[in-house]
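Structural description and commentary
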Amino acid sequence: MTTASAITTAPSTRAWRNAVFVVFTLSGLDIATWLGRIPSVRDELSASTLTMGLLVVGMSVGSIAGLTFAGHIVGKLGAKRGVQIAAVCLALGLVMAGISVSLGWGFAAIWISLIAFGFGNGLCDVSMNVTGATAERLGGRTIMPLFHAAFSLGTLAGAGLGALAERLEVPVALHFIVLGILTSLAMVTVVRWFGDERVIEAEATDTSPVPLPVSRWAVWRQPSTLLIGVIVLGMALAEGSANDWLPLAMIDGHGLENDGGSAVLTVFLAAMTAGRVAGSPLIDRFGRVPVLRASAAVAVVGLGMLIFVPSVPLAIVGVVLWGLGASLGFPMGMSAAADDPRTAAARVSAVATIGYVAFLAGPPIIGLVGEHFGLLHGLLIVFVFIIAAGLASGAARERTPEATGTTGAGPSLPARNDETDATHETDATSRTDATSATGARRDAR
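A brief structural summary. (Residues numbered from 1 in each chain as written. Predicted model: local features only at pLDDT ≥ 70, side-chain atom pairs only at ≥ 80, totals over all residues. Heavy atoms only, no water.)

Notes on the packing of helix α2 (residues 13-35) against helix α8 (residues 172-190)
Definition in use: With axes taken as lines fitted to C-alpha atoms, and helix axes fitted only over the stretch in contact, angles between N-to-C directions fall between 0 and 180 degrees. Every helix listed is a DSSP run of H or I at least four residues long, and every strand listed is a run of E at least two residues long, numbered separately from the N terminus. Geometric relationships in this document are graded by angle, where less than 35 degrees denotes roughly parallel, more than 145 denotes roughly antiparallel, 65 to 115 denotes roughly perpendicular, and other angles denote oblique. Crossings are assigned a handedness: left-handed for a near helix turned anticlockwise from the far helix by less than a right angle, right-handed for a clockwise turn. Any pair of residues with heavy atoms lying within 4.5 Å of one another is described as a contacting pair. Following the grouping adopted for this structure description, the nonpolar residues are Ala, Val, Leu, Ile, Met, Phe, Trp, Tyr, Cys and Pro, the charged ones are Asp, Glu, Lys and Arg, and the polar ones are all others, Gly among them.
The interhelical angle for the contact between α2 and α8, taken along N-to-C directions, is 165°, at an axis separation of 10 Å. Taken as axis vectors, α2 and α8 run roughly antiparallel relative to one another. As for how α2 packs across α8, the hand of that crossing is left-handed. Packed against α2, whose contacting residues are Ala19, Val22, Val23, Leu26, Ser27, Leu29, Asp30, Thr33 and Trp34, the element α8 presents His175, Phe176, Leu179, Gly180, Thr183, Ser184, Ala186, Met187 and Val190 at the interface. The residue makeup of the contact of α2 with α8, split by class, is eleven nonpolar, six polar and one charged.

See the structure below:
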């Protein structure tokens, strides 16, 4: 039974939610710090397009490893510890990558550094999505796209700093060391306001017949998990291919300079951010499936404009549409995977692992095609996966009110006040005591 003391000291749902926003933002800033300096890395290595694709695979390999272990780490230690471990890996990988580039240690040293960076990214991704999904359910309304909008704001800030660093010719090592250490320290500090999602998931919030405990590998045998994975795979490729290749595609395919290529990536990330901010009320009103289908259509149109329209201004309009279309797929997939709080960590880990195949296989495949036919034509591969995501979108449909005890298209738990305590009682017999203790805590304020 939860004690009054435990309830009094637990963070509120609002503090928990705000801390998740910060972690998403810092995670995006870390990723974009690397992405924004890819042109300089290519110049330092005198690397071909294919070589850059193989370099990006290093980060993808690390990310897959991080995602694979994340379900166990988060399930055993909780999302708070998961973020802390991830922060250390992110700092180590980014700092070592910067030093390797600036000191000329070569491809292998950067590749190994990116494995550590990718591991931290994968672990952080699952950890923050699991705890974010719990905060979303406690709030009673769709908020996951806003968390991912915070991630996009972080990437937007990181890309802007990267473009500025490119123009000012700031050494890659200095840039990476400063940002890597500061962001990781902030992550380690802010997670103190996380609640323990494992306590929330222990509540009997759903009476559907799911055998407990659920094996962390059993979720891979569920068709819904695999179909949601297809959605995340297609939309992750739509998002990730822009992060990996858009600056170079604008440089090689549309004739821009390095700083111009980085600036167009900033435009894409701004469109992603706008789409995620606007997306939450649309999802609550129309549901995940119609929004997913519309998103896929918009992304295809925008990507087509970038590839086939030679005019730079119109290509940039296409980049905006591409960003808007790609903005909601990943967060909706994460929400769908986490609909059942009892299997959230395992399913989010599985779905994210499927999605990250795009980051593992996408860069070398696009790089190989781009080496022979140009990067713009290499991006045609993304079309197929976006269409597949649109076709599989029915798997993300919200769970029925009969199964969840809720109404509407939003999160699967009933709405709770923002100041509701994050560690609610775990059995029916403790509800009266917990309510009284919570009331005493509010009176004490």
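Here we look at the pattern of salt bridges
Rules: When a carboxyl oxygen of Asp or Glu is within 4 Å of a side-chain nitrogen of Lys or Arg, the pair counts as a salt bridge. The classification of residues rests on relative accessible area computed with a 1.4 Å probe and restricted to protein chains. Under 20% of the type maximum is buried, over 50% is exposed, and intermediate values are partly exposed.
Under the defined criterion, the tally for this structure stands at three salt bridges. Here Arg37 ties to Glu166 by a salt bridge, and the two come within 3.3 Å at their closest N and O atoms. Taken as a pair, Arg37 in the loop between α2 and α3 (38-45) and Glu166 in helix α7 (residues 144-168) lie far apart in primary sequence, 129 residues in all. For the pair Arg37 and Glu166, one class covers both residues: buried.

Overview of a nonpolar patch on the surface
The test is simple: Only residues whose relative accessible area exceeds 30% and that form no salt bridge enter a patch; like-charged residues are grouped when within 9 Å of one another, and nonpolar side chains (Val, Leu, Ile, Met, Phe, Trp, Tyr) when within 5 Å. In short, Shrake-Rupley with a 1.4 Å probe defines the accessible areas, and a residue's cover is counted only from the protein chains shown.
On the surface, Leu92, Met96, Leu103 and Trp105 cluster together into a nonpolar patch covering about 410 Å² of accessible area. By the secondary structure assignment, Met96 is in helix α5 (residues 79-102). What makes Met96 partly exposed here is its relative accessible area of 31%.

Some points on helix α11 (residues 258-286)
Selection criterion: Every helix has an expected span of 1.5 Å times one less than the residues it contains. The term bend refers to the angle at a residue between two fitted axes, each drawn through seven residues, those ending there and those starting there.
The terminal C-alpha atoms of α11, which comprises 29 residues, lie 41 Å apart, in line with the 42 Å expected from a rise of 1.5 Å per residue. Largest kink in α11: about 40°, centred on Gly279, with the proline Pro281 one to four residues after it. Two residues or fewer after α11 comes Gly287, characterised by a positive phi angle close to 95°.

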